[in-house]
Amino acid sequence: MYSLLILPLVIANTLLVVWLARSGLRYRDWLLFLTLLLIVALPYDTGIVMLGSTIGQGDLLQMLSAPRYIWFYLTAPLMPLIAGGIARRAGFAWAQSNWVWGVLGLLTLGFLVNDASKLFQVPTLYPACFEDVLRYVSSVKSSQVCTPGQAGVDVGGSLPWAALVGMLVMLIVGVLLWWKRRWPWLALGTVAGTVVLGLPNTPLGPLHTFYGDFLSLGSITWAAIHFSKHKYEC
(Lines give C-alpha, C1' and ligand atoms only; values in the text may rest on other atoms or scores of the structure.)
Protein backbone atom coordinates (compact mmCIF):
# COMPACT_ATOMS: atom_id res chain seq x y z
CA MET A 1 0.00 0.00 0.00
CA TYR A 2 1.51 3.30 -1.15
CA SER A 3 -0.23 5.27 1.60
CA LEU A 4 1.86 3.41 4.18
CA LEU A 5 5.00 4.85 2.58
CA ILE A 6 3.93 8.17 4.07
CA LEU A 7 3.92 6.79 7.62
CA PRO A 8 7.71 7.20 8.08
CA LEU A 9 7.31 10.84 7.04
CA VAL A 10 4.49 11.40 9.54
CA ILE A 11 6.75 10.04 12.29
CA ALA A 12 9.83 11.95 11.09
CA ASN A 13 7.89 15.22 10.76
CA THR A 14 6.43 14.77 14.26
CA LEU A 15 9.90 14.20 15.71
CA LEU A 16 11.15 17.27 13.83
CA VAL A 17 8.42 19.44 15.37
CA VAL A 18 9.07 18.03 18.86
CA TRP A 19 12.84 18.63 18.51
CA LEU A 20 12.27 22.21 17.43
CA ALA A 21 9.67 22.91 20.11
CA ARG A 22 11.94 21.54 22.85
CA SER A 23 14.87 23.59 21.51
CA GLY A 24 12.71 26.72 21.41
CA LEU A 25 11.67 26.26 25.03
CA ARG A 26 15.29 25.64 26.02
CA TYR A 27 16.91 28.60 24.24
CA ARG A 28 13.93 31.02 24.20
CA ASP A 29 15.00 32.19 20.76
CA TRP A 30 12.41 33.89 18.52
CA LEU A 31 14.07 32.29 15.48
CA LEU A 32 13.16 28.82 16.71
CA PHE A 33 9.53 29.77 17.40
CA LEU A 34 9.28 31.39 13.94
CA THR A 35 10.69 28.23 12.37
CA LEU A 36 8.23 26.19 14.41
CA LEU A 37 5.37 28.09 12.74
CA LEU A 38 6.84 27.09 9.38
CA ILE A 39 6.96 23.35 10.09
CA VAL A 40 4.33 22.71 12.77
CA ALA A 41 1.70 21.64 10.22
CA LEU A 42 3.95 19.03 8.56
CA PRO A 43 2.65 16.05 10.60
CA TYR A 44 -0.94 17.12 9.84
CA ASP A 45 -0.11 17.61 6.16
CA THR A 46 1.35 14.16 5.67
CA GLY A 47 -1.12 12.54 8.06
CA ILE A 48 -4.15 13.72 6.06
CA VAL A 49 -2.60 12.41 2.83
CA MET A 50 -1.81 9.06 4.48
CA LEU A 51 -5.39 8.72 5.77
CA GLY A 52 -7.06 10.06 2.64
CA SER A 53 -8.22 6.71 1.28
CA THR A 54 -9.42 5.69 4.76
CA ILE A 55 -11.49 8.88 5.17
CA GLY A 56 -12.76 8.57 1.62
CA GLN A 57 -13.58 11.03 -1.13
CA GLY A 58 -16.06 13.73 -0.19
CA ASP A 59 -16.68 16.94 1.72
CA LEU A 60 -14.96 15.77 4.93
CA LEU A 61 -11.59 15.06 3.30
CA GLN A 62 -11.87 18.21 1.21
CA MET A 63 -12.52 20.26 4.37
CA LEU A 64 -9.63 18.60 6.23
CA SER A 65 -7.29 19.27 3.29
CA ALA A 66 -7.99 23.01 3.10
CA PRO A 67 -5.86 23.99 6.18
CA ARG A 68 -2.81 22.45 4.47
CA TYR A 69 -2.96 25.14 1.79
CA ILE A 70 -4.00 28.03 4.01
CA TRP A 71 -1.14 27.37 6.46
CA PHE A 72 1.33 27.18 3.58
CA TYR A 73 0.34 30.63 2.28
CA LEU A 74 0.45 32.01 5.82
CA THR A 75 3.92 30.73 6.71
CA ALA A 76 5.86 30.69 3.41
CA PRO A 77 6.53 34.46 3.70
CA LEU A 78 8.44 33.80 6.95
CA MET A 79 11.34 32.09 5.17
CA PRO A 80 13.37 35.25 4.39
CA LEU A 81 13.18 36.25 8.07
CA ILE A 82 14.23 32.76 9.16
CA ALA A 83 17.14 32.79 6.70
CA GLY A 84 18.22 36.19 8.02
CA GLY A 85 17.97 34.92 11.60
CA ILE A 86 20.19 31.95 10.81
CA ALA A 87 22.73 34.24 9.12
CA ARG A 88 22.74 36.61 12.10
CA ARG A 89 23.37 33.77 14.56
CA ALA A 90 26.15 32.47 12.30
CA GLY A 91 27.90 35.81 12.81
CA PHE A 92 27.62 37.33 9.33
CA ALA A 93 28.18 41.08 9.60
CA TRP A 94 25.60 42.00 6.95
CA ALA A 95 22.93 40.11 8.90
CA GLN A 96 23.40 42.46 11.86
CA SER A 97 22.38 45.49 9.78
CA ASN A 98 19.03 47.16 10.48
CA TRP A 99 18.47 47.96 6.81
CA VAL A 100 18.83 44.29 5.88
CA TRP A 101 16.17 43.43 8.43
CA GLY A 102 14.03 46.25 7.07
CA VAL A 103 14.21 44.72 3.60
CA LEU A 104 13.43 41.23 4.93
CA GLY A 105 10.51 42.59 6.94
CA LEU A 106 9.10 44.43 3.91
CA LEU A 107 9.43 41.25 1.82
CA THR A 108 7.51 39.26 4.40
CA LEU A 109 4.80 41.91 4.73
CA GLY A 110 4.52 42.28 0.96
CA PHE A 111 4.07 38.55 0.45
CA LEU A 112 1.44 38.37 3.21
CA VAL A 113 -0.51 41.25 1.69
CA ASN A 114 -0.22 39.74 -1.80
CA ASP A 115 -1.60 36.39 -0.61
CA ALA A 116 -4.10 37.83 1.88
CA SER A 117 -7.11 36.74 -0.16
CA LYS A 118 -5.93 33.11 0.01
CA LEU A 119 -5.74 33.25 3.80
CA PHE A 120 -9.40 34.08 4.32
CA GLN A 121 -11.15 31.86 1.81
CA VAL A 122 -11.55 28.12 1.46
CA PRO A 123 -9.38 26.98 -1.48
CA THR A 124 -10.98 25.17 -4.40
CA LEU A 125 -9.66 21.62 -4.25
CA TYR A 126 -10.18 18.54 -6.39
CA PRO A 127 -9.65 14.83 -5.68
CA ALA A 128 -6.43 13.25 -6.98
CA CYS A 129 -5.74 9.51 -6.96
CA PHE A 130 -2.57 7.44 -7.20
CA GLU A 131 -2.79 3.76 -6.36
CA ASP A 132 -4.38 3.79 -2.86
CA VAL A 133 -3.40 7.41 -2.14
CA LEU A 134 -6.31 9.87 -2.20
CA ARG A 135 -5.77 13.57 -1.56
CA TYR A 136 -7.31 16.91 -2.47
CA VAL A 137 -5.20 19.33 -4.53
CA SER A 138 -5.62 22.64 -6.33
CA SER A 139 -4.74 21.13 -9.73
CA VAL A 140 -4.95 17.46 -10.69
CA LYS A 141 -2.42 15.90 -13.05
CA SER A 142 -4.04 14.01 -15.90
CA SER A 143 -2.35 10.81 -14.69
CA GLN A 144 -3.96 11.17 -11.24
CA VAL A 145 -7.65 11.64 -12.06
CA CYS A 146 -10.05 9.71 -9.85
CA THR A 147 -12.90 9.55 -12.37
CA PRO A 148 -13.00 10.21 -16.13
CA GLY A 149 -13.93 13.78 -16.99
CA GLN A 150 -13.56 15.12 -13.44
CA ALA A 151 -13.02 18.81 -12.79
CA GLY A 152 -9.73 20.42 -11.84
CA VAL A 153 -7.42 18.61 -14.27
CA ASP A 154 -4.36 20.68 -15.18
CA VAL A 155 -6.04 23.94 -14.16
CA GLY A 156 -2.67 25.52 -13.48
CA GLY A 157 -1.19 26.74 -10.26
CA SER A 158 2.41 27.16 -9.19
CA LEU A 159 4.46 27.93 -6.13
CA PRO A 160 3.72 31.43 -4.76
CA TRP A 161 6.41 34.07 -5.02
CA ALA A 162 6.84 33.92 -1.25
CA ALA A 163 8.02 30.31 -1.44
CA LEU A 164 10.24 30.87 -4.47
CA VAL A 165 11.97 33.94 -3.04
CA GLY A 166 12.17 32.34 0.40
CA MET A 167 13.93 29.25 -0.94
CA LEU A 168 16.31 31.44 -2.98
CA VAL A 169 17.26 33.48 0.10
CA MET A 170 17.64 30.26 2.08
CA LEU A 171 19.92 28.80 -0.59
CA ILE A 172 22.10 31.93 -0.60
CA VAL A 173 22.47 31.76 3.19
CA GLY A 174 23.17 28.03 2.92
CA VAL A 175 25.95 28.58 0.40
CA LEU A 176 27.47 31.27 2.62
CA LEU A 177 27.35 28.93 5.61
CA TRP A 178 29.14 26.27 3.57
CA TRP A 179 31.74 28.73 2.33
CA LYS A 180 32.35 30.77 5.49
CA ARG A 181 31.42 28.38 8.31
CA ARG A 182 32.12 24.98 6.70
CA TRP A 183 28.51 23.95 7.46
CA PRO A 184 27.05 22.55 4.20
CA TRP A 185 23.79 21.05 5.40
CA LEU A 186 21.42 23.94 4.75
CA ALA A 187 22.65 24.31 1.17
CA LEU A 188 22.61 20.57 0.53
CA GLY A 189 19.18 20.12 2.07
CA THR A 190 17.72 23.04 0.11
CA VAL A 191 19.16 21.81 -3.19
CA ALA A 192 18.21 18.17 -2.56
CA GLY A 193 14.68 19.14 -1.52
CA THR A 194 14.23 21.36 -4.59
CA VAL A 195 15.50 18.64 -6.92
CA VAL A 196 13.21 16.01 -5.41
CA LEU A 197 10.23 18.39 -5.51
CA GLY A 198 10.93 19.17 -9.15
CA LEU A 199 11.03 15.58 -10.39
CA PRO A 200 8.29 15.24 -13.04
CA ASN A 201 7.63 11.51 -12.65
CA THR A 202 8.74 8.94 -10.09
CA PRO A 203 7.66 5.41 -9.14
CA LEU A 204 6.17 7.00 -6.01
CA GLY A 205 3.80 9.19 -7.98
CA PRO A 206 3.13 12.38 -5.99
CA LEU A 207 4.71 11.06 -2.79
CA HIS A 208 8.19 12.31 -3.67
CA THR A 209 6.99 15.88 -3.08
CA PHE A 210 6.45 15.14 0.61
CA TYR A 211 9.97 13.72 0.89
CA GLY A 212 11.26 16.87 -0.82
CA ASP A 213 9.46 19.01 1.75
CA PHE A 214 11.07 17.02 4.56
CA LEU A 215 14.58 17.46 3.11
CA SER A 216 14.28 21.22 2.64
CA LEU A 217 12.33 22.06 5.82
CA GLY A 218 14.36 19.57 7.84
CA SER A 219 17.60 21.28 6.83
CA ILE A 220 16.13 24.68 7.75
CA THR A 221 15.13 23.33 11.16
CA TRP A 222 18.56 21.82 11.73
CA ALA A 223 20.28 25.07 10.77
CA ALA A 224 18.05 27.17 13.05
CA ILE A 225 18.67 24.88 16.02
CA HIS A 226 22.39 24.48 15.34
CA PHE A 227 23.17 28.18 15.14
CA SER A 228 20.83 29.15 17.97
CA LYS A 229 22.56 26.55 20.14
CA HIS A 230 25.95 27.90 19.03
CA LYS A 231 24.88 31.44 19.98
CA TYR A 232 23.52 30.62 23.43
CA GLU A 233 26.05 28.01 24.50
CA CYS A 234 29.22 29.73 23.35
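So, how was this worked out
Residues numbered from 1 in each chain as written. Predicted model: local features only at pLDDT ≥ 70, side-chain atom pairs only at ≥ 80, totals over all residues. Heavy atoms only, no water. Helix = DSSP H or I, 4+ residues; strand = E, 2+ residues; numbered from the N terminus. Rg over C-alpha atoms; globule rule 2.2 N^0.38 Å. Contact = heavy atoms within 4.5 Å. Salt bridge = Lys/Arg side-chain N within 4 Å of Asp/Glu carboxyl O. Buried < 20%, exposed > 50% of the residue type's maximum accessible area, 1.4 Å probe, protein only. Disulfide = S-S within 2.5 Å. Patch = residues over 30% accessible without salt bridge, like charges linked within 9 Å, V, L, I, M, F, W, Y side chains within 5 Å. Areas by Shrake-Rupley, 256 points an atom, 1.4 Å probe, with all protein chains shown as cover. Axes fitted to C-alpha atoms, helices over the stretch in contact; angles between N-to-C directions. Parallel < 35°, antiparallel > 145°, perpendicular 65-115°, else oblique. Left-handed = near helix turned anticlockwise from the far one by under 90°. Nonpolar A, V, L, I, M, F, W, Y, C, P; charged D, E, K, R; others polar. Phe/Tyr/Trp six-rings, centres within 6.5 Å; stacked < 30°, edge-to-face > 60°.

Explain the overall build of the chain to me, please; I cannot follow it from the model alone.
Counting its regular elements, the chain contains 11 helices and two strands. Put simply, the chain runs from its N terminus to its C terminus through helices and strands in the order α-α-α-α-α-α-α-α-β-β-α-α-α. Taking 2.2 N^0.38 as the reference for a compact globule, 234 residues should give roughly 17 Å; the C-alpha atoms of the chain span a radius of gyration of 18 Å, in line with that estimate. When the backbone C-alpha atoms are referred to their principal axes, the chain occupies close to 60 × 35 × 30 Å. A fraction of 66% describes how many contacts in the chain between residues 6 or more apart in sequence connect residues 24 or more apart.

What is the right way to look at the pattern of salt bridges in this model?
Opposite charge on two side chains allows them to pair when their charged atoms are near. Counted according to the given criterion, the structure contains two salt bridges. Arg68 is the salt-bridge partner of Asp45, the closest N and O atoms lying 2.3 Å from each other. With Asp45 in helix α3 (residues 42–50) and Arg68 in helix α5 (residues 59–75), the pair connects residues that are 23 residues apart, well separated along the chain. The pair Asp45 / Arg68 is uniform in exposure class, with both members buried.

Sorry, what's going on with the state of the cysteines here?
A covalent bond between the sulfur atoms of two cysteines is referred to as a disulfide. Scanning the entire structure with this criterion turns up one disulfide. The side chain of Cys129 participates in a disulfide bridge whose partner is Cys146; the two sulfur atoms lie 2.0 Å from each other. Taking the sign of the S-S torsion, 100° for the link of Cys129 and Cys146, the bridge is right-handed. Pair noted here: Cys129 is in strand β1 (residues 126–130) and Cys146 is in the loop between β2 (133–137) and α9 (161–181), with a separation of 17 residues, a long-range link. Overall, the relative accessible area of 22% leaves Cys146 in the partly exposed class.

What am I meant to see in the environment of Tyr44 here?
If you trace the backbone, Tyr44 turns up in helix α3. Each C-alpha atom, one on Tyr44 and one on Ser65, is 9.4 Å from the other, the two residues being 21 residues apart in sequence. Dropping the residues within four chain positions of it, Tyr44 is found in contact with Leu64, Pro67 and Arg68.

In this structure, what is going on with a nonpolar patch on the surface? I would like to understand it.
A grouping of Met1, Leu4, Leu7, Ile11 and Leu15 is seen on the molecular surface, where their side chains present a nonpolar patch of about 530 Å² in accessible area. Residue classification places Ile11 among the partly exposed positions, given a relative accessible area of 47%.

When you look at the packing of helix α6 (residues 79–89) against α9 in this model, what are you seeing that I'm missing?
Pairs of packed helices are described in terms of their axes, by the angle between the two and the distance that separates them. Relative to each other, α6 and α9 sit at 10°, their axes nearing to 8 Å. By the angle between their axes, α6 is roughly parallel relative to α9. Between α6 and α9 the crossing geometry is left-handed. Mapping the contact onto sequence places Met79, Pro80, Ile82, Ala83, Ile86 and Ala87 in α6 and Ala162, Ala163, Gly166, Met167, Val169, Met170, Val173 and Leu177 in α9. For the contact of α6 with α9, the per-class residue count stands at 13 nonpolar, one polar and no charged.

Is there a simple way to think about unusual backbone geometry in this case?
The bulk of non-glycine residues show a negative phi, and the bulk of peptide bonds are trans. In the Ramachandran plot, Asp154 falls in the positive-phi region, its phi being about 50° despite a non-glycine side chain. Within the fold, Asp154 resides in the loop between β2 and α9. Here Arg182, not a glycine, exhibits a phi torsion of approximately 55°, which is positive. Relative to the helices and strands, Arg182 is located in the loop between α9 and α10 (185–198).

Would you take a moment to explain the packing of aromatic side chains for this structure?
For any pair of aromatic rings, the description consists of the separation of the ring centres together with the inter-plane angle of the planes. All chains considered together, the criterion is met by seven aromatic pairs. When the centroid spacing of 5.2 Å and the interplanar angle of 85° are considered together, the rings of Tyr2 and Phe130 count as edge-to-face. Of this pair, Tyr2 sits in the segment before α1 (7–27) while Phe130 sits in strand β1, and the two are 128 residues apart along the sequence. Judged by relative accessible area, which is 27%, Tyr2 ranks as partly exposed. Its relative accessible area of 18% is what places Phe130 among the buried residues. Aromatic side chains Trp30 and Trp101 sit 5.8 Å apart centroid to centroid with 80° between the ring planes, which places their arrangement in the edge-to-face category.

I tried to follow the packing of helix α2 (residues 30–39) against α6 on my own but got confused; where do I start?
It is the contact of α2 with α6, at a shortest axis distance of 10 Å, that shows an interaxial angle of 145°. Read as a crossing pair, α2 and α6 show a hand that is left-handed. Across the interface between the two elements, Trp30, Leu31, Leu34, Thr35 and Leu38 from α2 touch Met79, Leu81, Ile82, Gly85, Ile86 and Arg89 from α6. Along the lines of polarity and charge, the residues of the contact of α2 with α6 split into eight nonpolar, two polar and one charged.

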